[in-house]
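Architecture at a glance
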Amino acid sequence: MAVLLIPAVSLPTSVLGLSNASVFEKMPETRKQELVDVLVAHLKQSLQQFDQPACRVNIQTDADWLTANLGRFSSSVSFSQLTQFNISGVAVLDYLTGEQKAQLILQPGSGALVNESVVREVFSSVVQSSDQKQLENFLIAFSQSTVQMNGTSIPPAVSDTILNMTLEALAPRFQTFSTQDFTLWFQTYLRLFLPAIGPSSLSVIPRNVSCDSYREIVKGLDGVYRDLSATQSQNVFSYTLGYLTSQSSQGQSCVQSVRNDSDWLLKNFGQFRNLASLSEIIALKSDFNGVSAATDLTSSQLAELCSVPSRLHGPQDVNTVMAAISPDQFASFFDIITPNILVNASLYSSEVKGAFLQAVLVRGGLSSAAVPDSEVEQWLNVRLEPLLSSLSSADVAPFFNITRGRSCSTSQAALIYILFCNRVRRLDSLRSSFSSATQTLIYTHIQQLLAGPNVLQCYGGGSFYVFLRNSFLGFGFPDLSTFLSLVPASRQREVVLTLRGSDSDSETVDTSLSNTLLGSISTGELREYLNGSTTVGSDLCRLLTNYNRTTQYLETEPVVSAAVGRQTLECVWSRALAASSPVEVDQWFKVTLAQYLPFLSSKVINPTQLSGASCLSYRRLVSVLGKNYDYSGADFTPADVYSSIRAYLNSSDGAPRCYNSSDPLLNSTAWFSNNIGTFVTFITLTDLQSFVSDGQIGVFLDNSENLQLFNNSGIPANVTTYYSTQLYIQNPNFNPLRYLTTPHTKHYTTQLYIQNPNFNPLRYHTTPHTKHYTTQLYIQNPNFNPLRLPGVLLCGTPGTAFVSFGATDSQDILEIIKKNCQQIPLEVTAALVANLPTISTSTIQLLGNQSVGLTEGQISTAPPKVISSNLPTLSSVTGWNQGQVNIIIQSITDAGFTINSGSALVTLGTLIGGVPSAVISNIPSTELLAVSQNPTFITNILSAPVVLQQTYVQKIVSVDVARVVENVPDALAKYIPPVILSSPTSVNVSLINKKSWKQEQAVVLFSSVASASDNTEELSESILQGFTCSSAEKLQQKVTQLVKACRPRPGRSKVFLKESQLTCMYNYVKDDPSLSFTDLPSDMLLYYSYEKVKVSCRSYFSALGGADFSVLSSVLNRQSILFKNARACLGITGVGLTRDQVEVLGNMACTLDPTSIQNSDPLILEKLKNCGDLSDSQVTAVQTLLYSGSTPYGKPSSWSVDTLNQLGMLPLYLKQDFWTNFDSGTKRTFLRFFNPLIRKQKIQISKIRRFFTESSVNIKLGGRAKSACTAGNITEATIADPSFPFGYDSAQFDSCLDSTLLKDNLAAVTEKVVDTSFLAVILSKLNQDMIVESRNARIEYPGIFVESRRRTANLPTQSRSSDARPLPHALTLPYPRPLNSDGPRVWDGLLLLYPSGLPESVVRLLGPTSRMATVEDISKWNLTTVDTLSSLMGSVNGDWTPEQSKAVIMKYLGVPGNTLGTSELNEIGSSVCSLDVSVLRAVTAASLSVPAVLRMIHHYVVVLWGSCGGPDHWRTV
């Protein structure tokens, strides 16, 4: 800070110079203060010098000195500093500022503050100052200084003086005051002096100001409310009342700018509102709502409010009012309103009165011991009297607490009880006004009061029952439990003895005590009492246990109610179950409990209750519950009963409970009937074996009652199987006559026949049985004649049982099973139909839907007219194979049925698949278009060969290329050539969206459909799979939405995308922060870099878990990178994964190495079920994990067919060592389910082939050495079995498969056989040289099929040899027949069927067998139609070698007129690569029937370029 160096001698001059107005005003305040500090310090040092005469020239007064030495700077000097210069403040008042004058008055020790004259003089100078701001400055400084002086009190006279003088000074200015001015003065400047307010000062305050200004004045006065005397407050209130009255207009005063009535009250009255009456308030605001402003009203104001009923609009208003009143004001409040309620009771609603009552009871504190009894009595008898009628359930407890809380001596107990009873009587008189809940609570609290220690002192004799009645009055009567609780423990025995009555002979009854409490009670009185009890409870058991007339009561008195009946039964039930003699049991169950047994409950039949039952009582109970017992009202079911039976009969040592051969009461062998009865339908095999061991069950098996019991179709199959097995193990001579007219189950009878092959099933003529029964019968006795079985039992007979039947028997059985069986296995139908020598109209009508069992051979030998005439039946049969429909179509065509129209195609129904594509090509396109609207026709054609569907679509396309999308049915749209879709004239999104498209079609459609779509979320999966980068470039604004539309969504199939599509999507959306991982296709997430997802990596990997990791190119090595990142994210440190980690990773499990798999949580098996493929090492790891026994599938020793079913698709990959854990029967059962499943899912044939090999462990495969058939001749039934050819190795397959049978069932065989060694057998049999004995020599006939086992050729006896193979039944020509060069070759009387090789009808059905053919074999095939070419080239049957495919195609092209046209190219596919360039040169535009398809060649070039050796191979194209 700069120091002002001024010589002392020149100081006055310097001061005067600096005090110049122009200089002083421009000087900053900080600079002024610096100068003041220098001046004051200098003056202090020179104080004596200034007293020298030379320095006091022209200075006569303190004012002169102040002017000379400080000039204008004196205003910046505090008054305390001026006093150091002996300046008299009063003398220089005109020179002092307002702040300095305030300091003058407040100067400690000066006495000025208590000197009213000084104060008046000083303050007069303030108000008279020409500087109007001096007054404000004075008041501000005065207030601040007072605060700094730590609350120095100001004498009232001083406050009064300053206040009055200020107001008088301001009076002329009030008219110019704004609202803010009033705020400043009354809430700031005058705040300190307002406690001196009085009539004189109030008279100065204007009343003609605005409401806002008035409110600011009131607010200032309200701030000193606590400092005012009652008189002052009244004066202020009078001022407010006067002002507001003057402002009133139509009953509204100063109502502007208020939020509500409370706000109006506070703003206009402040705390002075407490002095107003409610009527005064309402006079100023006629619509004043006292309830809404309750918190701002006094209790007297609220009492005034509540005294007018119309002001309360419900209990909520009362609650609001009472919440604003403190409990200590309740008495005065209710002293005011109670008289009003009494007078105007009808005007107060029950709810309003109830709210008042509740407020008192909850908050009034009347239960406190501190409240005098007299006060309590005043409340109960006076204040609350008019309110009791509104007592609610919530009020009961606090009401009774008033009395319960009274503290008194024993001598006062009766008085309290009397007081209480008076209240109860009053409540009873009002009972009709109480709700049921309230009455119940009153009852409860009466009970609680009576449970007190001194209440019985009030009992003065007579009936204790009456005593209680008088105590409870109309509020109810205690149940037995409560009743006993009201009697002190020391006297409860007395009560029980009383109830025993006078006839007790077991104990001496204290009659005096009995008379004192209960007196005697008869059974009728007991019933009356129990009838009035709502709940009896466990105490009834105490009563009935000690009551010596319980038996009489149970037998003579009607059951009180179902509830009491159940409780009564529970009380005596253990005694009934303990009965150990027949007489006792009969007495309990037939007499004593006769009325009560309908009330049995889950409590009395549960395992715990029954565990202690005697065997006789237990058996009687089982009988009671099993014989027409009515469960409709019971809380348990027969299944619950069985649960208790199971627990009771469970035996730890295998010995049957309740059986003792030496005890006449327990030696009955009808053990199952006696102890399980009709509940046997709930039994499981585990249960049965836990009841009695195999070694001890034999004694019961042959009992007729047990046999009758197990003749129940509801019993689980494995139970009856076990029972039957044991029956015949234990009793080989069992007499099945005991089964007459008895219902049995499949497995039961199965085992019956296993053990007793000679059993006569005709005795079952009215008995329903099921398939497994008969299946096992024939396993054990293959020669059993099923004609001896009744109709229903035939439903389960295995097909092999019917192989040797004659035609008549087979027809009879067909009629029976058609009538009795809902589902007939195909193998049964196949076996029976095979026995029919000829097929007639009656045969087909008999078969109906079972006509599907006809073999190809039978159909081909049936008269064409028969087949044609039964077309309506045959066309509705489902399940035909390709060979059957081919022959049926050929047959009806031969019979004259013409397929030349759309209606004809519809007529064919399910046979449409046998129509040659050439026939479709010759039908007018318009006809085909018309039938496209027939949904049944479309359903049928979808099961037809692909070439037929393609041909049909091509014909529809030719009708109108521009309308191809509209014309082609949705399900067939996938056959529309993509080139036709490339330039649509219009885009109907809805129409396109409904159709099924291939990906190459979707690629063509995607851009136009996505552009036209308003909602990308609705685009179908088949359209979305067409996403490409080129289309994305045209759809920049929609790309993100299109990507999101491909995300996994519930109820929608997955959108299958290729890697190029996924990476394109990724590049478009990878930097979009608005997208979550679940917004994106799971497969697309495969390409995210870890850095992008690191922050939320768990969410990322969780979403990624749904991806198909097989879409990744191996060159990118993404799989290992992703797992490495997952390990870092999830904290995977070891070789295995926890359950949580497995759950997060999901399908990534498919990429894990064997070590990780076998060391992970078993949940990984569930994830591996979703994998498209598993490596050999992964499969080994899966098996290792399964072998550990730590998975949900248990240990290998516990595995069953259920285990295989639960493993999902994993069995497809498992190895031989896994399959060794299952016997052949288990595997066969599983294969009957699994084989159709994997065929339906079109699993690669290589996988199915491997699966067959691995699962056929213990069955020698691959050997071709000729041997006798030991595995069982292969019949039509064998082939129809879904597990076929399981159970055979190739040698047995060769030996057991008759060639003619193969011919007659070729399609059925080739669609199931996949093993290459088996396929080689099939092809060999088709190509084999037939060897027979002629009359003179042994002759070989190449290419002849052997005949069936049923017929031989019509050869002379002497020509037959014992080792000759029989000829086909088709050979019916007389012997000998001359050679006809134009027809089939006849050689020495033998018909050579295929002298020129396999006919086309056979070639078309070869399936996977075709892949076994050599080029030489193929050269001998008849291959003329594109249908056959299509069937051969299908990839589902496996891959061709280039040589094979070339041979097949060239064989086809070798037929005159056959060329590589559109259809051929479609069917050949990539096999076109095997053709020579010279063949491709022959492809001309003329050979393509649809000109537009020329452009398809480009498609083939693009697709097949790499596999066909590059451009040289395609140069000619």
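Every value quoted in this text rests on a predicted model; they were computed, and no experiment measured them.

Turning next to the overall build of the chain. Secondary structure summary: the chain contains 88 helices and four strands in total. Scored against the burial criterion, the 1517 residues of the chain give a buried share of 50%. For the chain, long-range pairs separated by at least 24 residues make up 67% of all intrachain contacts whose partners lie at least 6 apart in sequence. Accessible area for the chain stands at about 66,600 Å²; split by element, carbon and sulfur atoms hold 51% of it.

Let us now look at helix 75 (residues 1245-1255). For an α-helix, 3.6 residues make a turn, and residues three or four places apart therefore share a direction. Within the sequence span of helix 75, burial applies to Ile1245, Lys1247, Ile1248, Phe1251, Phe1252, Glu1254 and Ser1255. Those residues of helix 75 hidden inside the fold are in contact with helix 73 (1216-1219), helix 74 (1224-1240) and helix 80 (1316-1327).

If you check helix 19 (residues 330-343), its first and last C-alpha atoms are 20 Å apart, about what 14 residues at 1.5 Å a residue would give, namely 20 Å. The sharpest bend along helix 19 reaches about 30 degrees and sits at Ile337, with the proline Pro339 one to four residues further on.

Enumeration over the complete set of coordinates arrives at seven disulfides. Each sulfur in the disulfide pair Cys1029 and Cys1064 lies 1.9 Å from the other. An S-S torsion of about 130 degrees defines the bridge between Cys1029 and Cys1064 as right-handed. With Cys1029 in helix 62 (residues 1029-1034) and Cys1064 in helix 64 (residues 1059-1069), this pair connects stretches of sequence that are 35 residues apart. Of the residues examined, Cys1029 reaches a relative accessible area of 36% and is grouped as partly exposed. What makes Cys1064 buried here is its relative accessible area of 2%. Note that Cys1269 is cross-linked by a disulfide to Cys1296, the S-S spacing being 1.9 Å. One disulfide, between Cys1269 and Cys1296, carries an S-S torsion of 105 degrees and so falls in the right-handed class. A residue pair is termed long-range when its members are at least 10 positions apart, and Cys1269 in the loop between helix 75 and helix 76 (1276-1280) and Cys1296 in helix 77 (residues 1290-1296) qualify at 27 residues.

Further remarks concern the packing of helix 36 (residues 615-626) against helix 37 (residues 638-649). Contact geometry of helix 36 with helix 37 gives a least axis separation of 12 Å together with a crossing angle of 155 degrees. Compared by their axis directions, helix 36 and helix 37 come out roughly antiparallel. Once helix 36 is placed against helix 37, the crossing between them reads as left-handed. On helix 37, the residues that touch Cys615, Tyr618, Val622 and Leu625 of helix 36 are Val641, Ile645, Tyr648 and Leu649. Taken together, the residues of the contact of helix 36 with helix 37 sort by class into eight nonpolar, no polar and no charged.

Right, let's talk about the packing of aromatic side chains for a bit. Applying the stated rule across the entire model yields 54 aromatic pairs. The interplanar angle of 15 degrees and the centroid separation of 3.9 Å between the aromatic rings of Tyr618 and Tyr648 together place this pair among those described as stacked. In this pair, Tyr618 is assigned in helix 36 and Tyr648 in helix 37, connecting sequence segments 30 residues apart. For the residue pair Tyr618 and Tyr648, the accessibility class agrees, reading buried in each case. Look at Phe1218 and Trp1219: their rings are 5.3 Å apart centre to centre, the planes differ by 80 degrees, and that puts the pair in the edge-to-face class. Note on accessibility: Phe1218 and Trp1219 belong to one class, buried.

Moving on, we get to the side chain of Gln950. Relative to the assigned elements, Gln950 resides in helix 56 (residues 946-959). Take Gln950: its relative accessible area is 12%, and that puts it in the buried class. Those residues in contact with Gln950 that sit more than four places away from it in its chain are Tyr975, Asn1466 and Glu1467.

Core analysis: the biggest nonpolar cluster contains 203 residues, and Leu905, Tyr952, Phe1101, Leu1104, Leu1168 and Phe1293 have the highest contact counts within it. Discounting residues that sit within four places of it in the chain, Tyr952 has contacts with Ile920, Leu928, Val931, Ser932, Phe937, Ile938, Ile941 and Leu972.

This brings us to the environment of His445. By the element assignment, His445 lies in helix 24 (residues 436-450). Residues His445 and Ala397, spaced 48 residues apart in sequence, show a C-alpha to C-alpha distance of 7.0 Å. Excluding its chain neighbours within four sequence positions, the residues that come into contact with His445 are Val396, Ala397, Phe400 and Arg404.

Below, the discussion takes up the packing of helix 33 (residues 582-592) against helix 36. Relative to each other, helix 33 and helix 36 sit at 35 degrees, their axes nearing to 10 Å. For the pair helix 33 and helix 36, the sense of crossing is right-handed. Across from Pro582, Val585, Asp586, Phe589 and Lys590 in helix 33, the residues of helix 36 making contact are Leu616, Ser617, Arg620, Leu621 and Val624. Considered class by class, the residues forming the contact of helix 33 with helix 36 number six nonpolar, one polar and three charged.

Further remarks concern unusual backbone geometry. The linkage connecting Phe1284 with the following residue, Pro1285, adopts the cis geometry, with an omega of 5 degrees. Inspection of the secondary structure assignment puts Pro1285 in the loop between helix 76 and helix 77. Notably, Gln250 is not glycine yet its phi reads approximately 55 degrees, a positive angle. Along the chain, the position of Gln250 falls in the loop between helix 14 (230-247) and helix 15 (261-269).

Below, the discussion takes up the pattern of salt bridges. Opposite charge on two side chains permits them to pair, given that their charged atoms come into close proximity. This model, assessed by the stated rule, comprises 29 salt bridges. Taking the shortest distance from any N to any O, the salt bridge between Lys267 and Asp263 comes out at 3.2 Å. Of this pair, Lys267 and Asp263 both sit in helix 15, four residues apart, roughly one helical turn. Overall, Asp263 belongs to the buried group, its relative accessible area being 6%. Taking the shortest distance from any N to any O, the salt bridge between Lys1325 and Asp1294 comes out at 3.1 Å. Here Lys1325 is found in helix 80, whereas its partner Asp1294 is found in helix 77, with 31 residues between them in sequence. We note that Lys1325, like Asp1294, is buried. The network of salt bridges with common partners includes Arg259, Asp263 and Lys267.

Cut-offs applied
- Residues numbered from 1 in each chain as written.
- Predicted model: local features only at pLDDT ≥ 70, side-chain atom pairs only at ≥ 80, totals over all residues.
- Heavy atoms only, no water.
- Helix = DSSP H or I, 4+ residues; strand = E, 2+ residues; numbered from the N terminus.
- Buried < 20%, exposed > 50% of the residue type's maximum accessible area, 1.4 Å probe, protein only.
- Contact = heavy atoms within 4.5 Å.
- Areas by Shrake-Rupley, 256 points an atom, 1.4 Å probe, with all protein chains shown as cover.
- Expected span 1.5 Å × (residues − 1).
- Bend = angle between axes of the 7 residues up to and from the residue.
- Disulfide = S-S within 2.5 Å.
- Axes fitted to C-alpha atoms, helices over the stretch in contact; angles between N-to-C directions.
- Parallel < 35°, antiparallel > 145°, perpendicular 65-115°, else oblique.
- Left-handed = near helix turned anticlockwise from the far one by under 90°.
- Nonpolar A, V, L, I, M, F, W, Y, C, P; charged D, E, K, R; others polar.
- Phe/Tyr/Trp six-rings, centres within 6.5 Å; stacked < 30°, edge-to-face > 60°.
- Core = buried A, V, L, I, M, F, W, Y, C linked by side-chain atoms within 4.5 Å.
- Salt bridge = Lys/Arg side-chain N within 4 Å of Asp/Glu carboxyl O.

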